[in-house]
Amino acid sequence: MGLVVQKYGGSSVADAAGIKRVAARIAETRRAGHDVVVVVSAMGDTTDELLDLAEQVSPLPPARELDMLLTSGERISMALLAMATANLGIQARSFTGSQAGVITDSAHGRARIIDVSPGRIRDALDAGDVAVVAGFQGVSVDTKDITTLGRGGSDTTAVALAAALGADVCEIYTDVDGVFTADPRIVPAARRLETVTYEEMLELAASGAKVLMLRCVEYARRYGVPVHVRSSFSPRPGTLVAGSMEDLPVEHAIITGVAHDRSEAKITVVGVPDKPGTAAELFEHVAAAGINIDMIVQNVSAAATGLTDVSFTLPKADGQAAMTALSQVQGSVGFGSLRFDDQVGKLSLIGAGMRSNPGVSARFFKALADSGINIEMISTSEIRISVVTRDSALDDAVRAVHTAFGLDASADEGRATVYGGTGR
Ligand SMILES: Nc1ncnc2c1ncn2[C@@H]1O[C@H](COP(=O)(O)OP(=O)(O)O)[C@@H](O)[C@H]1O
Ligand SMILES: N[C@@H](CC(=O)OP(=O)(O)O)C(=O)O
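Residues numbered from 1 in each chain as written. Chains lettered and ligands numbered in written order. Predicted model: local features only at pLDDT ≥ 70, side-chain atom pairs only at ≥ 80, totals over all residues. Heavy atoms only, no water.

Here's the deal with the site of ligand 1
Around ligand 1 sit 19 residues in total, of which Thr 174, Asp 175, Phe 180, Asp 183 and Arg 185 are the nearest. Taking Gly 10, its main chain carries an N or O atom lying 3.2 Å from an oxygen atom of ligand 1. At a separation of 2.8 Å, an oxygen atom of ligand 1 approaches a polar side-chain atom of Asp 183. Relative to its unbound accessible surface of 570 Å², ligand 1 loses 94% to contact with the protein. For the shell around ligand 1, the class distribution of residues is eight nonpolar, five polar and six charged. (Near = heavy atom within 4 Å. Polar contact = N/O pair within 3.5 Å; in protein donor to acceptor, adjacent residues only side chain to side chain. Areas by Shrake-Rupley, 256 points an atom, 1.4 Å probe, with all protein chains shown as cover. Nonpolar A, V, L, I, M, F, W, Y, C, P; charged D, E, K, R; others polar.)

This is the structure:
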């Protein structure tokens, strides 16, 4: 008998039938003798619908009120799930993030968990009950206001609770059978990974593979929480996220997988004077607006003019704020103009063996060239190569690279199954 934290995403509790199916799974785990803590997300597209509703009443809703609104989605699913579980003869009690002791900073919309004091959860477990906790939310230590952890934040709630409670495993239930070599919605021939190290999963999540949220993986690595990604629609074995690259056997695959990301936009600052200090001034202003940037490219300056272009990518949602911040320094930096482009996509090839295997880049760029895909930006890390392409070319690019690195599953291995939903 152990302690299991199970997280069910919005795709798993999209309707009443989904909630009943999940309740049956919880009951089965409890009857097997385990203590069970469940973290649940809002039903289906509820969070998106609440965001739309907020936009209809105010173009720029106050962040505190937006968090108050969005956390209501998880309240609905936690109460319904506790009811459905109780209906199967298993006592269950639901708790908001605040009641569960999830303490955060006060950055509304992207709060960080700074402490977890799960006293009430422990009490529920000691009484033999299943604790059902609303994911994606906490309470600010300073203001005592309700906060949210950012999109996909329920994964982080689950891992944080698992760490605080010393759980044996944190199971993340979703609508695919685990972590695949690419998003199975784009690459039907994607192959399920049996195990993946924290480092590889960090790169996949940071590169857009939204099956796990980046912060959840960071948290799991820091506290050594084993994360088991599985489907709530099937009993298949899933993927274990654990261990470190240092412990990998020599025969570990060179390439882990291909990730894609459509959440970024590109800004180009045209005609920047090529002299020391200009890049610092540009990026200081973007940073002062609280915006994180990702890839940066600077062209060679034209000999005749001494001017260059600087392009960078950033979250689409921050595009307007970055354009405003940059236009304020147009005079002092002396650049010509600004261009905003949200029709871009990012593709990343990830693999722990990449650093010690020559020829990976050559094969990667050849695969894109053979498919006629133009590359707009490039960046690399020790275990990743990323490129920016046109959004419209991204799916073809992902499939081309996946095939070129021999990642496609053969017909007899069976194809990845995607259970319902459309993906967000
Ligand atoms: N490498 C990958 N492996 C598995 N799923 C992936 C991968 N990359 C992207 N995905 C997508 O992540 C989705 C699951 O995440 P999400 O939609 O947030 O589910 P949930 O609602 O369960 O949290 C899958 O349906 C799949 O389309
Ligand atoms: N409901 C929140 C939090 C979450 O984690 O959702 P999901 O587990 O369905 O990705 C969101 O939509 O962002």
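Let's pick the thread back up.
What to know about the packing of aromatic side chains
Applying the stated criterion to the full structure yields five aromatic pairs. Above the face of the Tyr 219 ring, Arg 222 is positioned so that its terminal group lies 5.5 Å from the ring centre. (Phe/Tyr/Trp six-rings, centres within 6.5 Å; stacked < 30°, edge-to-face > 60°. Lys NZ or Arg CZ within 6 Å of the ring centre and 35° of its normal.)

As for the nonpolar core
Counting residues in each nonpolar core, the largest one holds 45 residues, and the members touching the most others are Val 37, Ile 121 and Leu 212. Ranked by residue count, the leading element in this core is helix H5 (residues 154–165), at six residues. Among residues more than four places away in sequence, those in contact with Val 37 are Leu 3, Val 4, Val 5, Gln 6, Ile 121, Leu 125, Ala 131, Val 133, Leu 161 and Leu 165. Of all hydrophobic cores here, the second largest spans 26 residues; its members include Phe 180, Ile 186, Ala 189 and Val 387. (Core = buried A, V, L, I, M, F, W, Y, C linked by side-chain atoms within 4.5 Å. Buried < 20%, exposed > 50% of the residue type's maximum accessible area, 1.4 Å probe, protein only. Helix = DSSP H or I, 4+ residues; strand = E, 2+ residues; numbered from the N terminus. Contact = heavy atoms within 4.5 Å.)

Remarks on the pattern of salt bridges
Per the counting criterion, the structure on display carries 19 salt bridges. Across the salt bridge formed by Arg 230 and Glu 171, the nearest N and O atoms sit 4.0 Å from each other. Of the two residues, Arg 230 is situated in strand S11 (residues 227–231) and Glu 171 in strand S9 (residues 169–174); the sequence distance between them amounts to 59 residues. Two residues, Glu 264 and Lys 346, come together in a salt bridge whose shortest N-O distance is 4.0 Å. Taken together, the positions of Glu 264 in strand S14 (residues 264–273) and Lys 346 in strand S18 (residues 344–350) put the pair 82 residues apart, joining distant regions of the chain. Accessibility expressed as a relative area gives 12% for Glu 264, which makes it buried. Because the salt bridges share partners, they merge into one network encompassing Lys 266, Asp 341, Glu 376 and Arg 390. (Salt bridge = Lys/Arg side-chain N within 4 Å of Asp/Glu carboxyl O.)

Here's the deal with the site of ligand 2
Close contacts around ligand 2 come from 13 residues, with Lys 7, Ser 41, Thr 47, Glu 74 and Arg 151 the closest. Contact distances for ligand 2 include 2.9 Å between an oxygen atom and a backbone N or O atom of Gly 10. In isolation ligand 2 has 340 Å² of accessible area, and contact with the protein removes 91% of it. Its residues placed into classes, the shell around ligand 2 shows two nonpolar, seven polar and four charged.

Section: helix H1 (residues 16–31)
The end-to-end C-alpha distance of H1, which contains 16 residues, comes to 22 Å, matching closely the 22 Å that a straight helix rising 1.5 Å per residue would cover. Listed as buried for H1 are Gly 18, Ile 19, Val 22, Ala 23, Arg 25, Ile 26, Ala 27, Thr 29 and Arg 30. Buried residues along H1 sit against strand S1 (3–8), strand S2 (35–40), helix H3 (63–86), strand S6 (130–134), S9 and S11. Where H1 terminates, the next one or two residues include Gly 33, which has phi positive at roughly 105 degrees. (Expected span 1.5 Å × (residues − 1).)

Description of the domain arrangement of the protein chain
By domain assignment, the protein chain separates into domain 1 (3–174) and domain 2 (245–424). Its C-alpha centre places domain 1 at a distance of 33 Å from the equivalent point of domain 2. (Domains from an automatic or database assignment.)

Here we look at the sheet that holds strand S13 (residues 257–261)
Taken in spatial order, the four strands make up an open sheet running S13-S18-S20-S19, and their pairing is antiparallel. Because the sheet does not close on itself, it has two edges, and the strands there are S13 and strand S19 (377–381). The mean inter-strand angle of the sheet, taken between neighbouring strand axes irrespective of direction, is 20 degrees. Two strands pair when backbone bridges link them, and S19 and strand S20 (residues 384–390) are joined in this way by five bridges, in the antiparallel orientation. (Pairing = 2+ DSSP bridges. Axes fitted to C-alpha atoms, helices over the stretch in contact; angles between N-to-C directions.)

Let's talk about the sheet that holds strand S8 (residues 146–148)
Backbone-to-backbone hydrogen bonds pair the strands of a sheet. The strands run either parallel or antiparallel. An order of S5-S4-S7-S8 is seen for the four strands of this open sheet, with the pairing classed as mixed. In the strand order of this sheet, the two ends are held by strand S5 (113–116) and S8, each with one partner. On average, adjacent strands in this sheet sit at an angle of 45 degrees to one another, irrespective of strand direction. As paired strands, strand S7 (residues 137–140) and S8 are joined by three bridges and run antiparallel to one another. Considered in S8, the bridge of Gln 137 is made with Thr 148. On top of the sheet, H5 reaches S5 and S7; it is set at about 40 degrees to S5, its chief contact.

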